Amino acid sequence: MMVMGISIKNNKPLILFLLCILLLCSSFAGILFGSVSIRPSEVLRVLASKSSTPTAYTLITAVRIPRVLGGIFAGIGLACAGVILQGVMNNSLASPNTIGVNSGSGFAVMLALMIFPASPGFLPLFAFCGALITTLFVFLLAYLADSSRTTIVLAGITISSFFNAGINTLKLLDTEISINLTSFMIGSLSGLTLNKLLLPCACILVAFCLSLLFARPLNLLGLGDDIARSLGLQVSFTRFLLLLLSSLMAGCVVSYAGLLSFVGLIVPHICRQLFGNDARFLLPCSALLGGSFVLLCDLLGRTLFAPFELPAGILMAFIGGPFFLYLLLKKKGGRRINA
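The rules behind each value
Residues numbered from 1 in each chain as written. Predicted model: local features only at pLDDT ≥ 70, side-chain atom pairs only at ≥ 80, totals over all residues. Heavy atoms only, no water. Helix = DSSP H or I, 4+ residues; strand = E, 2+ residues; numbered from the N terminus. Buried < 20%, exposed > 50% of the residue type's maximum accessible area, 1.4 Å probe, protein only. Contact = heavy atoms within 4.5 Å. Areas by Shrake-Rupley, 256 points an atom, 1.4 Å probe, with all protein chains shown as cover. Lys, Arg positive; Asp, Glu negative; His and termini not counted. Charge placed at Lys NZ, Arg CZ, Asp CG, Glu CD. Axes fitted to C-alpha atoms, helices over the stretch in contact; angles between N-to-C directions. Parallel < 35°, antiparallel > 145°, perpendicular 65-115°, else oblique. Left-handed = near helix turned anticlockwise from the far one by under 90°. Nonpolar A, V, L, I, M, F, W, Y, C, P; charged D, E, K, R; others polar. Salt bridge = Lys/Arg side-chain N within 4 Å of Asp/Glu carboxyl O. Phe/Tyr/Trp six-rings, centres within 6.5 Å; stacked < 30°, edge-to-face > 60°. Lys NZ or Arg CZ within 6 Å of the ring centre and 35° of its normal.

Chemist: A description of the overall build of the chain should follow, citing residues and the corresponding values.
Modeler: Scanning the chain from terminus to terminus reveals 14 helices and 4 strands. Counting only C-alpha atoms and orienting by the principal axes, one finds that the chain spans roughly 65 × 60 × 35 Å. Relative to its 339 residues, the chain shows a buried fraction of 49%. Long-range pairs, those at least 24 residues apart, make up 74% of the contacts in the chain between residues at least 6 apart in sequence. For the chain, the accessible surface area stands at approximately 16000 Å², while carbon and sulfur atoms represent 70% of it. Averaged over its 21 positive side-chain charges, the chain has a centre that lies 11 Å from the centre of its 9 negative ones.

Okay, structure coming up:
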């Protein structure tokens, strides 16, 4: 792609700058638009701590800003988790959604709500544990069987079905669970508050920063275990730490946004077209684009059928389903790509 004679694809700083602009514009649009639109001047007054109408102030600070922050961190967590899972499992179809990580985390969240109904602070911990156990189980299956893309996808479908059935069972057993099951299963950013976001977003931020430190080891894993060991990498320990970070990010997103799908599949593939496989650029690029992608899906869901709201997860499924089929059937040189 050329813009004014400049090759964008080979200009990494320019791409990162454009992605930052996209995220800022998406965030501002997320505050401005919805079932009720707000004037930009009102937003600027609230952000500058100047006087504003009580209605606008409440809508911006209590509803729109938490929703935008939740969308940004959901995009960061799921997109970067997808990058890590695809690198560790050496499979382009691996993501928190396709291998069942989201469903395992969601089941753990429902279990936490059933056991500790008055202690929502436990949700990120349970979500992380559910995501980690599911990730390790899928990785073990891939290790014991053949690690082809088909095996991992089929294992993910099986695990997702099992945990989704468990989620519905827990909801039937305990009708007092304080969660909208439909919104949770689809994935939605409605009803978020700053208090609800504080812990999971802090964990996502820490995990993302740590994943940047492991960008080079993630690149080495892509060369194969033998080469990585010959270069001094502790393969098993590094792989476990990376799976830990991906589980933490995916689990924390599920704890407040539900089972948002396909972010961790779509965004890393788009970013690979921009940066290649170098995780040093792929991770921050995916974080920026992931945040924008979730915000734009949420914004469309709020505005297309206003005053009715379409959960962001529905739009992601409409986009992600065909994209997943495209990747599954994609050919290279006339033959299907091997994992």
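Further notes follow.
Chemist: Give a detailed account of the packing of helix H4 (residues 101–115) against helix H11 (residues 235–257), specifying residues and quantitative values.
Modeler: At a minimum axis separation of 9 Å, H4 and H11 run at an interaxial angle of 55°. As summarised for this structure, H4 and H11 are arranged oblique, according to the angle between their axes. Judged by the sense of rotation from one axis to the other, the crossing of H4 with H11 is right-handed. Residues Val101, Asn102, Ser105, Gly106 and Val109 of H4 pack against Ala250, Gly251, Val254 and Ser255 of H11. Grouping the amino acids of the contact of H4 with H11 by side-chain chemistry returns 4 nonpolar, 5 polar and no charged.

Chemist: Report on the pattern of salt bridges, specifying residues and quantitative values.
Modeler: One pass over the full model with this rule turns up 8 salt bridges. Here Arg239 and Asp225 are joined by a salt bridge, their closest N and O atoms 2.9 Å apart. Remark: Asp225 occurs in helix H10 (residues 225–230) and Arg239 occurs in helix H11; sequence separation between them is 14 residues. Overall, Arg239 belongs to the buried group, its relative accessible area being 11%. Look at Asp225 and you get partly exposed, because its relative accessible area is 28%. A salt bridge links Arg229 to Asp226; its shortest N-O distance comes to 3.8 Å. Remark: Asp226 and Arg229 occur in helix H10; sequence separation between them is 3 residues, near one turn of the helix. By relative accessible area, which is 45% here, Arg229 ends up partly exposed. Shared partners join several salt bridges into a network, and the residues in it are Arg67, Asp298, Arg302 and Glu309.

Chemist: Go over the packing of aromatic side chains, please, and point to the residues and values.
Modeler: Within the structure shown, the criterion is met by 6 aromatic pairs. Judged by centre distance (5.5 Å) and plane angle (40°), the ring pair of Phe107 and Phe163 falls under tilted. Residue Phe107 is found in helix H4, and its partner Phe163 is found in helix H6 (residues 149–173); the two are separated by 56 residues along the sequence. When its relative accessible area of 23% is taken as the criterion, Phe107 is described as partly exposed. Phe163 gets classed as buried once you look at its relative accessible area, which sits at 16%. Geometrically, the ring pair formed by Phe116 and Phe122 is stacked, given 4.5 Å between the ring centres and 20° between the ring planes. The class of Phe116 is partly exposed, set by a relative accessible area of 31%. Counting every residue linked through ring pairs, the aromatic cluster contains Phe107, Phe162 and Phe163. Taking the ring centre of Phe281 as reference, the NZ or CZ of Lys12 above it sits at 5.3 Å.

Chemist: Tell me about the packing of helix H13 (residues 279–303) against helix H14 (residues 312–329), residues and numbers included.
Modeler: Where H13 contacts H14, the axes come no closer than 8 Å and their chain directions differ by 110°. When the axes of H13 and H14 are compared, the pair comes out roughly perpendicular. By crossing handedness, the relation of H13 to H14 is classed as right-handed. Along its contact with H13, which presents Phe293, Val294, Cys297, Asp298, Leu300 and Gly301, the element H14 presents Ala312, Leu315, Met316 and Ile319. Tallied by class, residues from the contact of H13 with H14 come to 8 nonpolar, 1 polar and 1 charged.

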